[in-house]
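Listed below, chain by chain, are the residues.
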Amino acid sequence: MGEFMKSSPSRAVISGGLLLNLCCSLTIVFLNKHLYSHVRFPNMTLTCIHFIVTSLGLALCHAFKVFEPKKLPWAPILPLSLTFCGFVVFTNLSLQNNTIGTYQLAKALTTPVIIFVQSQFYEVTFSNAIKGTMIPITLGVFLNSFYDIQFNFMGTFFALAGVMVTAMYQILVGSKQKELETNSMQLLYYQAPLSSVMLMCIIPFFEPLTGEHGTLNQNWDSKSLFFVALSGCVAFMVNLTIFWIIGNTSPVTYNMFGHFKFCLTLIIGYLLFRDPVQAIQFIGIFITLSGIIAYTHLKLNVKKVSSLSEQKV
């Protein structure tokens, strides 16, 4: 199994990883929204639980020989753990303080930020055609979310902070795997427990554990605790698949897939829950999907040209 993790995955395996991430990502959004809106479970505490469950899940994977940990220095892991904390905390705070549509709208800005940062600071080049696909994707997501825009100051701050930290985190995930020559599980094996410890140190300052409104003094019923545990398990799969997808594709590709998930969320909401969807939103879905298809086509052409060049050499 360890050797399999090191080999270059086939297109079918990558598709399977994307599908798993899709299912887990949709589940975690609605689970967390329920916990914040109805259970009133504290944000940072839930995030810390996610990290702890992820750490335990990786320890279990190691015990069953799913992967072999690699000895890594702690210094390069520190910025990754810091941005990981910021990524989850700010995106969860955005979800807590905004509607799901506004939350998704803000996430759409991550892709242009990633392209800008990688172009300016990581010497990664993108063709004008690739950059051009950002226009229909961003426009489509704006149209999708137009009916749901309910900005407030705190929600806007958390959303924008989440965009910046998420962009840096996803770039670091890809670069650190290459720099340290590790796979997704080996890197997350170090990063998740370090992030847990960081959050444990700051939680008491933002979410008191004792007192009238302290977390430990709340009477959580068994159903609420079940949702918390389920959220932790799904978060483990989300974290693992994010690392794996970025490590085997790129941060931009992962974000493109994120826009597809947004469109799918709207469609599922309309079909299953009869959520109100206006005609312009269907146009937005079409525009976004056209941008994703264009990006995918361009990336596949680049890979074909690279493969042909290697064969000639």
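In case you missed it, the structure is sitting above this.
Residues numbered from 1 in each chain as written. Predicted model: local features only at pLDDT ≥ 70, side-chain atom pairs only at ≥ 80, totals over all residues. Heavy atoms only, no water.

Trainee: Just to check I follow, could you spell out helix 4 (residues 77–97) for this structure?
Mentor: Working note: α-helix, 3.6 residues per turn, so residues spaced by three or four point in the same direction. Its 21 residues give helix 4 an end-to-end C-alpha distance of 30 Å, which sits within 8% of 30 Å, the value for a rise of 1.5 Å per residue. By the criterion of burial, helix 4 is predominantly enclosed, with 15 of the 21 residues buried. (Helix = DSSP H or I, 4+ residues; strand = E, 2+ residues; numbered from the N terminus. Expected span 1.5 Å × (residues − 1). Buried < 20%, exposed > 50% of the residue type's maximum accessible area, 1.4 Å probe, protein only.)

Trainee: Just checking my understanding: could you explain the packing of helix 10 (residues 184–206) against helix 11 (residues 222–248) for this structure?
Mentor: A pair of packed helices can be characterised by two numbers: the angle between their axes and the separation between those axes. Helix 11 packs onto helix 10 with a crossing angle of 130 degrees between their chain directions and a minimal axis gap of 9 Å. Looking at the two axes, helix 10 sits oblique to helix 11. Two packed elements cross with a definite hand, and for helix 10 against helix 11 that hand is right-handed. Contacts between helix 10 and helix 11 involve S184, M185, L187, L188 and Q191 from the first element and N239, L240, F243 and W244 from the second. Across the contact of helix 10 with helix 11, the residue classes break down as 6 nonpolar, 3 polar and no charged. (Axes fitted to C-alpha atoms, helices over the stretch in contact; angles between N-to-C directions. Parallel < 35°, antiparallel > 145°, perpendicular 65-115°, else oblique. Left-handed = near helix turned anticlockwise from the far one by under 90°. Contact = heavy atoms within 4.5 Å. Nonpolar A, V, L, I, M, F, W, Y, C, P; charged D, E, K, R; others polar.)

Trainee: What is the right way to read the pattern of salt bridges from this model?
Mentor: A side chain of one charge can pair with a side chain of the opposite charge if their charged atoms are brought near each other. In this structure the tally under the stated criterion is 1 salt bridge. The closest approach of N and O atoms between E179 and K176, which form a salt bridge, is 3.4 Å. In this pair, E179 and K176 both sit in helix 9 (residues 153–179), 3 residues apart, roughly one turn of the helix. For K176, a relative accessible area of 10% puts it in the buried group. (Salt bridge = Lys/Arg side-chain N within 4 Å of Asp/Glu carboxyl O.)

Honestly, that's just the spatial picture; any functional story needs more than this.
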